[in-house]
Amino acid sequence: MPDPRRESAPGETDVELLAAAQVSLNRHAAVLRGLGELFAEHGHELYLVGGSVRDAFLGRLGADLDFTTDARPEQMLRFLRGWADALWDTGIEFGTLGVGKGADRLELTTFRADSYDQVSRNPEVRFGDNLADDLVRRDFTVNAMAVRITAQGAGEFLDPLGGLAALRAGVLDTPSAPEVSFGDDPLRMLRAARFVSQLGFTVAPRVRVALEQMAPQLGRITAERVAAELDKLLLGADPIAGIDLMVQTGLGEVVLPEVGAMRMAIDEHHQHKDVYQHSLTVLRQAMDLEGSDGPDLVLRWAALLHDIGKPDTRRHEPDGGVSFHHHEVVGAKLTRKRLRALKYSKQMVDDVSQLVYLHLRFHGYADASGTGRWTDSAVRRYVTDAGPLLGRLHKLVRADCTTRNKRRAARLQANYDDLERRIEELAAKEDLARLRPDLDGNEIMKILGIPAGPQVGKAWNHLKELRLDRGPLEHDEAVAELVKWWNEQGGSGV
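A. Quick look at the confidence of the model for the protein. Mean pLDDT over the protein: 87, with 89% of residues reaching 70 or higher. Segment residues 1–12 is flagged for pLDDT under 50; beyond a separation of four residues in sequence, or across chains, it makes 32 contacts in the model.

Structure (structure tokens):
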């Protein structure tokens, strides 16, 4: 379908664009007709609204459809029960019901005319009685368009706030003054950055001014809601644009200050690259490596945050150079602290911080001449420490190469090719994915004549270290090494 964001071609009209959007809606014709018939039968209005209408124009309408109506929640409950395949009333206090019908997931909300106290994010829920008041309270004009749903399906298109023109221009503007809109719900400021990432839009000048002036009000929003928006932003088609809008307007200072802090002043001799721009480049290059598996949230977070330890570790050396010693260690700690503050899961925190911690290790693989490569033991430890993150670590390390020196870039890539080849060779001979000592806990207790306890764990760790250093041992050799270690510890009972 035509892209409404571009300027119209000669002779192309809004009617033609609406006809193209109808193609998207026709894929849901059955559910739209069925729902339209049901609401008409009970004497209620029904409109497709918000992101569903916007996405129909953009050719990206999925299975989630949003509606608004004059029917109250308790009325909808009565006549939807027999029609819906599934029904969820968890949002009923806000006037919202969830409905499953075939492959579609529908959300139906009573007209809203909420009022906000401009302090918290929670509105005083008040139902409205007309579509116009409902649309004007929405976040952006591109989300304030509606399509009337009747017994025949999708009908009249309603655009009282100029959403189609804004969508064609690719501009985010608010239905009311942005200061009012963002004051009602500061999370809308972060959604602006998210839509920049997802849709390729820009923000209207007055919206940008409001973002800059009102950014501190994001502090009113819960960490969980902020994290949800950040994830959607990072998974968008152009997260770099969304992140840069956050940083430039001050939103990032409230929700992700470590990223903006990477905009370190470059010294007059330019002894190091712009860490902030470098991180955005690494994110872009990591995205290029994602392949057919689609967006990888863990990899994208790690790419964005991999160098956040540099501002705290920058040192000007006596020879005029600049160093960032142990920035990967500091960065991993900062990553863990920030993601915990945003209430991410333990798994997410562990995975992203571990990638940040490991991203620099490869640079000790070989010297400038390409010699002095790691021992097999070092390769095993690299694989073991990465664990299930090894595939992502490969991508992160490769994405981290942003040097303009073609010879150096080629050397780094060749060295990593060599490391991956060695990992494959060792994996063919050893089970690198499940490195375990050559003796298990039961064998250790039997050989040493000791009960379960801390000593067994120490013995197990010793054998694990031997396994990493020397590879698999024959059973008799492993037993001999265990006994030797035990005797050195002053043990008895062998």
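From this point, things continue past the structure.
B. Seen up close, unusual backbone geometry. Although it is not a glycine, His 326 sits at a positive phi angle of roughly 65°. Residue placement: His 326 occurs in the loop between strand E11 (322–323) and helix H17 (327–341). Owing to a relative accessible area of 56%, His 326 belongs among the exposed residues under this scheme.

C. Up close: the environment of Ser 323. Mapped onto the elements, Ser 323 comes out in strand E11. Placed 13 residues apart in sequence, Ser 323 and Lys 310 show a C-alpha to C-alpha distance of 8.9 Å. Setting aside anything within four residues of it in sequence, one finds Ser 323 in contact with Thr 313, Arg 314, Arg 315 and Glu 317. A polar atom in the side chain of Ser 323 sits 2.4 Å from the side chain of Glu 317.

D. Structural detail: the nonpolar core. Phe 67, Leu 80, Leu 108, Ile 243, Trp 301 and Tyr 382 are the most contacted members of the largest nonpolar core, which totals 121 residues. Within the second largest apolar cluster, 14 residues are counted, among which are Ile 450, Leu 466, Ala 478 and Trp 486.

E. Structural context of the packing of helix H9 (residues 205–214) against helix H11 (residues 239–249). Orientation of H9 relative to H11, taken along the N-to-C sense of each, is 60°, at an axis distance of 8 Å. Judged by the inter-axis angle, H9 sits oblique to H11. In this structure, H9 contributes Arg 208, Leu 211 and Glu 212 to the contact, and H11 contributes Leu 245, Gln 248 and Thr 249. Looking at the contact of H9 with H11 residue by residue, the class counts come to two nonpolar, two polar and two charged.

F. Spatial organisation of the pairing of strand E5 (residues 104–110). Buried residues dominate E5, accounting for five of its seven residues. Of the strand pairs in this sheet, strand E2 (residues 64–69) and E5 are connected by six bridges, and their pairing is parallel. Directly across from Asp 64, in E5, lies its bridge partner Arg 105. Counting the residues between successive antiparallel strands, the hairpin from strand E4 (residues 96–101) to E5 contains two residues, one of them, Gly 102, with a positive phi of roughly 60°.

G. Molecular detail of the packing of helix H20 (residues 390–399) against helix H21 (residues 406–429). Their axes nearest at 11 Å, the elements H20 and H21 cross at an angle of 165°. As judged from the angle between their axes, H20 and H21 are roughly antiparallel. Note on packing geometry: the crossing formed by H20 with H21 is right-handed. Together, Leu 390, Leu 393, His 394, Val 397 and Arg 398 of H20 and Gln 413, Tyr 416, Asp 417, Glu 420 and Ile 423 of H21 make up the contact between the two elements. The residue makeup of the contact of H20 with H21, split by class, is five nonpolar, two polar and three charged.

H. Quick peek at the sheet that holds E2. Read across the open sheet, the seven strands follow the order E3-E4-E5-E2-E1-E6-E7; overall the sheet is mixed. Across the chains shown, the open sheet's two edge strands, defined by having one partner strand only, are strand E3 (86–88) and strand E7 (153–158). Sheet twist, expressed as the mean angle between neighbouring strand axes with direction ignored, is 30°. Two elements, E4 and E5, share six bridges in a ladder whose sense is antiparallel. Within the sheet, the bridge partner assigned to Gly 100 lies in E5 and is Arg 105. Its contacts with the sheet place helix H4 (residues 73–80) against E2, E3, E4 and E5, and it is angled at close to 20° to E4.

I. Seen up close, the side chain of His 394. Counting through the fold element by element, His 394 comes out in helix H20. Contacts of His 394, omitting those with residues within four sequence positions, involve Tyr 416, Glu 420 and Ile 423.

J. Spotlight on the environment of Leu 339. Mapped onto the elements of the fold, Leu 339 is located in helix H17. Owing to a relative accessible area of 0%, Leu 339 belongs among the buried residues under this scheme. Once residues lying within four places of it in the same chain are set aside, the contact partners of Leu 339 are Trp 301, Tyr 344, Met 348, Val 349 and Val 352.

K. Looking closely at the packing of aromatic side chains. A full pass over the atoms with the stated rule returns 11 aromatic pairs. With centroids separated by 4.6 Å and ring planes inclined at 70°, the aromatic side chains of Phe 362 and Tyr 416 adopt a geometry described as edge-to-face. A residue pair is termed long-range when its members are at least 10 positions apart, and Phe 362 in the loop between helix H18 (346–358) and helix H19 (376–386) and Tyr 416 in helix H21 qualify at 54 residues. The same class applies to Phe 362 and to Tyr 416, which are both buried. Here the basic side chain of Lys 101 rests over the ring of Trp 83, its NZ or CZ set 4.6 Å away from the ring centre. The aromatic ring of Trp 88 is capped on one face by Arg 105, whose charged end is 3.9 Å from the ring centroid.

L. Spotlight on the environment of Asp 184. The topology assignment puts Asp 184 in helix H7 (residues 178–184). Asp 184 gets classed as buried once you look at its relative accessible area, which sits at 17%. Residues Asp 184 and Asp 139, spaced 45 residues apart in sequence, show a C-alpha to C-alpha distance of 9.8 Å.

Quick notes on the rules
- Residues numbered from 1 in each chain as written.
- Predicted model: local features only at pLDDT ≥ 70, side-chain atom pairs only at ≥ 80, totals over all residues.
- Heavy atoms only, no water.
- pLDDT = per-residue confidence, 0-100.
- Contact = heavy atoms within 4.5 Å.
- Helix = DSSP H or I, 4+ residues; strand = E, 2+ residues; numbered from the N terminus.
- Buried < 20%, exposed > 50% of the residue type's maximum accessible area, 1.4 Å probe, protein only.
- Polar contact = N/O pair within 3.5 Å; in protein donor to acceptor, adjacent residues only side chain to side chain.
- Core = buried A, V, L, I, M, F, W, Y, C linked by side-chain atoms within 4.5 Å.
- Axes fitted to C-alpha atoms, helices over the stretch in contact; angles between N-to-C directions.
- Parallel < 35°, antiparallel > 145°, perpendicular 65-115°, else oblique.
- Nonpolar A, V, L, I, M, F, W, Y, C, P; charged D, E, K, R; others polar.
- Pairing = 2+ DSSP bridges.
- Left-handed = near helix turned anticlockwise from the far one by under 90°.
- Phe/Tyr/Trp six-rings, centres within 6.5 Å; stacked < 30°, edge-to-face > 60°.
- Lys NZ or Arg CZ within 6 Å of the ring centre and 35° of its normal.

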